[in-house]
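Listed here are the chains, written in short residue letters.
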Amino acid sequence: TNSSYWTNWKKVIAFSPAYWNDLPMMDKVNLAVLWLLGLLVIGLLYAANIYLGNLNQDEGWYLYTARLLAGGQVPYRDFAYTQGPVMAGVYALVDPLVARFGLLAGRIFTGLLGLGAISAGAALAGKLSPAGWKPFAIISCVFLTGINVYQGYYFTVVKTYSLAALFLMTGLLF
C-alpha cells in the first residue's frame, strides 16, 4: 500500500533499492517527471550562460589560437602560446563553425563538451555505486553538476574547464 513506505523511514529517507522496487507506477512517473524538469533546468541554464554569460577575455585568445592551428600554423614555432596544444587542436576541429557563427559556436561546442563531462561523471557514479543504487548515484551526479550556476557558466564559456573535465571523467571512467 501507499502508506507502507512512509512507515519504513529508513527506506524512504535513504531511497534504498528496496524502496525503488516497491514504488508504485505513479511514483516512478513522478521520478521521470523530476528527471525531465531537471534536464529542462540544465538546458535553460546552459542556454542562458551561452547567450547571456559575460564575455571572458580568454575566449578570443583560445578561438584565435584554434583558428591559427586550423590554418596550418604551429604553436610555439609560428606564434606564441602559453598553454598546451590540446585545447587549440580540439577547437580547431570546429573552426569552420566558429568562422561562420563566431563566439556563439564556440560556446555551444564548449557546452557540449561540458554536457559530455557531466554524462561521463554520471556514468562513473553509476559504475562505482553498489547494485541497486545506480539510478540515485546517476541522478545525483547529473543534478549536482548540471544544476550548478557557477559550473554551468564555466562549462559554457570558451575556456579549458569543459575539455579538462571531459578528459578527466572519461579517463576515470575507462
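Residues numbered from 1 in each chain as written. Predicted model: local features only at pLDDT ≥ 70, side-chain atom pairs only at ≥ 80, totals over all residues. Heavy atoms only, no water.

Q: Where do I start with the packing of helix α8 (residues 103–128) against helix α9 (residues 134–146) in this structure?
A: If you want to describe how two helices pack, look at the angle between their axes and the distance between the axes. The N-to-C vectors of α8 and α9 enclose an angle of 150 degrees; their axes lie 8 Å apart at closest approach. The angle between the axes of α8 and α9 places the two elements in the roughly antiparallel class. Where α8 crosses over α9, the two elements pack in a sense that is right-handed. Residues I118, G121, A122, A125, G126 and K127 of α8 pack against K134, A137, I138, C141, V142, T145 and G146 of α9. Across the contact of α8 with α9, the residue classes break down as seven nonpolar, four polar and two charged. (Axes fitted to C-alpha atoms, helices over the stretch in contact; angles between N-to-C directions. Helix = DSSP H or I, 4+ residues; strand = E, 2+ residues; numbered from the N terminus. Parallel < 35°, antiparallel > 145°, perpendicular 65-115°, else oblique. Left-handed = near helix turned anticlockwise from the far one by under 90°. Contact = heavy atoms within 4.5 Å. Nonpolar A, V, L, I, M, F, W, Y, C, P; charged D, E, K, R; others polar.)

Q: Quick question: what am I supposed to make of the side chain of K159 here?
A: Mapped onto the elements, K159 comes out in the loop between α10 (149–154) and α11 (161–173). Separated by 2.6 Å, the side chains of K159 and D58 make a polar contact. Among residues more than four places away in sequence, those in contact with K159 are N56, D58, Y62, M87, Y91 and Y154. (Polar contact = N/O pair within 3.5 Å; in protein donor to acceptor, adjacent residues only side chain to side chain.)

Q: Got a minute to help me understand the packing of aromatic side chains in this structure?
A: All told, the structure shown has nine aromatic pairs when counted by the stated rule. Residues W133 and F136 carry aromatic rings whose centres are separated by 6.3 Å and whose planes lie at 65 degrees to one another, so their mutual orientation is edge-to-face. When its relative accessible area of 15% is taken as the criterion, F136 is described as buried. Taken together, the ring pairs connect W61, Y76, F79 and Y81 into an aromatic cluster. (Phe/Tyr/Trp six-rings, centres within 6.5 Å; stacked < 30°, edge-to-face > 60°. Buried < 20%, exposed > 50% of the residue type's maximum accessible area, 1.4 Å probe, protein only.)

Q: Would you mind going over the nonpolar core with me for this structure?
A: Soluble globular proteins tend to bury their nonpolar side chains together. Counting residues in hydrophobic clusters, the biggest one holds 30 residues, and the most contacted among them are M87, Y91, F109, L113, V142, F155 and V158. Broken down by element, the residue count for this core peaks at six residues, all from α8. Sequence-distant contacts of L113, that is, excluding residues within four places in its chain, are made with Y91, S162, L163 and L166. (Core = buried A, V, L, I, M, F, W, Y, C linked by side-chain atoms within 4.5 Å.)

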